[in-house]
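The primary structure of each chain is shown beneath.
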Amino acid sequence: PRAAGAAGAAAGPAAGAGPRGPAPVTARLVGNRLLSLPGSAKEVRRFTFDIGDGESPLRYEAGDALGIHPVNAPGLVAEWLAVTGTDPGAEVYPGGRTGAGGTGGTGGTGPGAVTWAEALRHHLDITKITPGLIRFLAERGGDHGLRRLLRTDNKDCLAQWCWGRQAVDAVAEFPVRAEAHEWAEVLGRLQPRLYSISSSPLTDPHQVSLTVSVVRYENLSGRPRQGVCSPFLADAEEGAPVPVFVRRSPAFRPPADPATPMIMVGPGTGVAPFLGFLDERRARGHRAPNWLFFGEQHRATEFYYEEELTALRADGTLTRLDTAFSRDQRVKVYVQDRMREHGPLLWSWLRDGAHFYVCGDASRMAKDVDGALREIARVHGGLTEAEAAVYVKQLAADKRYVRDVY
């Protein structure tokens, strides 16, 4: 349940956005390590937070997600004020006067009256293009064909139109006259972002770490744009206070039985929770075999945690590490291809009771991995297609096949 983010997209976790979480506590950002190396097209970072001493109300387990309450970038707030020509000191109600939200709102009790500038900075989602915003621009500005984007049979066109644009780009392209309170009613509430935790409290109960792909890109006019939460963290000063909370994931845990083998498929930032899983098993002294499939584009620039994974291999915590760097050869190779290559061994691990975990992209990777798993059950387990489907379904029912996909 979290965001990795893709350049040019409003990024799914908004990528990783979830319902408003529990009351946050303040953590300090004490680590900001660049994992991707020079020459990479990606900016992937490990963020570490100090969550206080033993009295801290923040408790987590390996496999949980950390919710972050971000704020919008000052430059984007200034751009919104300039494009709309609105008064930054105007009084608005970001959650609606009755907490009902606005056209693009998500409901929930609002913070009460604040200035328009404060609402833009702390309370409103000013990056995402919503149907409510498009409808507002169409009604106030004389349409310009915008209503066609909202037709139920036109979802592909809408997605294509939104690609590379943020809300302020749409407002600049189709300018309308409106007061600050009207904009506040149209824009949705700024939601927390959820990221899978990359650490175990058994290693250090006072710290928690995340693995995050930072979203930065250029809009269609070549103007720099970025996500909300990932650059908020990436550009923060060391020691900066960050409001955080824990979202429990009780079904997504390393095996409790020290003798149970574990297979993990985590390409890209999907590797995040498995660092925590491996740290957990090492700290508990569990000696069952552990196998990780990791993939990215280039080994030279995007082999995240290579040093840590090598050390885990050396001390016996990580039994097998199979990598797939898709762009390092003419024919692209992905984690599901590595699974098929080692199908007989993977099947024998499953027959020995291994738990199978997947983390990462839901739209393609997770489906391809699921297909490869069924194929391995057919080819190496001698099952029919129908039997393989039942087998995989039973693995999930037995909580031996668990996914954290977004």
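As shown above, the structure is provided for reference.
Residues numbered from 1 in each chain as written. Predicted model: local features only at pLDDT ≥ 70, side-chain atom pairs only at ≥ 80, totals over all residues. Heavy atoms only, no water.

Student: Explain the sheet that holds strand S11 (residues 262-265) to me, please; I cannot follow it from the model alone.
Tutor: Sheet strands associate in pairs through backbone hydrogen bonding, adopting either a parallel or an antiparallel arrangement. Strand order across the open sheet formed by five strands is S13-S12-S11-S14-S15, with parallel pairing between neighbours. Unpaired on one side and paired on the other, strand S13 (320-325) and strand S15 (401-405) mark the two borders of the sheet. Adjacent strand axes in the sheet meet at a mean angle of 10 degrees when their direction is disregarded. Of the strand pairs in this sheet, strand S12 (residues 290-296) and S13 are connected by six bridges, and their pairing is parallel. In the strand pairing of S13, Gly295 is matched with Ala324. (Pairing = 2+ DSSP bridges. Helix = DSSP H or I, 4+ residues; strand = E, 2+ residues; numbered from the N terminus. Axes fitted to C-alpha atoms, helices over the stretch in contact; angles between N-to-C directions.)

Student: Explain helix H14 (residues 365-381) to me, please; I cannot follow it from the model alone.
Tutor: Each α-helix turn comprises 3.6 residues. Residues three or four places apart therefore point the same way. A rise of 1.5 Å per residue sets the reference length of H14, with its 17 residues, at 24 Å; its end C-alpha atoms lie 23 Å apart and thus fit the reference within 8%. Among the residues making up H14, those that are buried are Met365, Ala366, Val369, Asp370, Ala372, Leu373, Ile376 and Ala377. Looking down the long axis of H14, one finds its buried residues gathered within 160 degrees of arc, a one-sided arrangement. Turned more than 90 degrees away from the buried face of H14, the exposed residues are Lys367 and Val379. The elements touched by buried residues of H14 are S11, helix H12 (335-341), helix H13 (343-351), strand S14 (355-360), helix H15 (385-397) and S15. A positive backbone phi angle near 70 degrees is found at Gly382, which sits one or two residues after H14. (Expected span 1.5 Å × (residues − 1). Buried < 20%, exposed > 50% of the residue type's maximum accessible area, 1.4 Å probe, protein only. Arc of directions from axis to C-beta. Contact = heavy atoms within 4.5 Å.)

Student: Please explain the environment of Gly353 as it appears in this structure.
Tutor: Relative to the assigned elements, Gly353 resides in the loop between H13 and S14. When its relative accessible area of 25% is taken as the criterion, Gly353 is described as partly exposed. Each C-alpha atom, one on Gly353 and one on Leu275, is 21 Å from the other, the two residues being 78 residues apart in sequence. Not counting chain neighbours up to four residues away, the residues in contact with Gly353 comprise Thr260, Pro261 and Arg400.

Student: Whenever I open this one, the environment of Asp235 confuses me. Can you help?
Tutor: Here Asp235 lies in the loop between helix H8 (229-234) and strand S10 (241-247). When the C-alpha atoms of Asp235 and Val30 are compared, they prove to be 13 Å apart, with 205 residues separating the residues in sequence. Beyond its immediate stretch of four places on either side in the chain, Asp235 contacts Arg216 and Gln226.

Student: Quick question: what am I supposed to make of the state of the cysteines here?
Tutor: Two cysteines joined by a covalent bond between their sulfur atoms form a disulfide. Counted by the stated rule, this structure contains zero disulfides. Between Cys157, a cysteine without a disulfide, and Cys162, which holds the nearest cysteine sulfur, the sulfur-to-sulfur distance is 11 Å. We classify Cys157 as partly exposed; its relative accessible area is 39%. (Disulfide = S-S within 2.5 Å.)

Student: When you look at the packing of aromatic side chains in this model, what are you seeing that I'm missing?
Tutor: Centre-to-centre distance and the angle between the planes together describe a pair of aromatic rings. What the rule picks out here adds up to 17 aromatic pairs. Residues Phe294 and Phe325 carry aromatic rings whose centres are separated by 6.2 Å and whose planes lie at 70 degrees to one another, so their mutual orientation is edge-to-face. Of this pair, Phe294 sits in strand S12 while Phe325 is found in strand S13, placing the two residues 31 residues apart along the sequence. Grouping aromatic residues by their ring pairs yields a cluster made of Phe252, Phe274, Phe277 and Tyr357. Its guanidinium or amino end placed over the ring of Trp291, Arg320 lies 4.9 Å from that ring's centre, counting from NZ or CZ. (Phe/Tyr/Trp six-rings, centres within 6.5 Å; stacked < 30°, edge-to-face > 60°. Lys NZ or Arg CZ within 6 Å of the ring centre and 35° of its normal.)

Student: Honestly, unusual backbone geometry in this entry has me stumped. Any pointers?
Tutor: The backbone phi angle of Tyr305 is positive, close to 65 degrees, even though this residue is not glycine. We classify Tyr305 as buried; its relative accessible area is 2%. The phi angle at Lys399 is positive, at roughly 60 degrees, despite the residue not being glycine. Note that Lys399 resides in the loop between H15 and S15. With relative accessibility at 56%, the residue Lys399 sits in the exposed group.

Student: Quick question: what am I supposed to make of helix H9 (residues 272-284) here?
Tutor: Helix length check: H9, at 13 residues, gives a terminal C-alpha distance of 19 Å against a target of 18 Å (1.5 Å per residue), a fit within 8%. Three or more residues of H9 are buried, namely Ala272, Pro273, Phe274, Leu275, Gly276, Phe277, Leu278, Asp279, Glu280 and Arg281. In the core, the buried residues of H9 are packed alongside strand S6 (193-196), strand S7 (207-213), S11, S12, helix H11 (306-314) and S14. Backbone geometry just downstream of H9 places Gly285 in the positive-phi region, at approximately 75 degrees.

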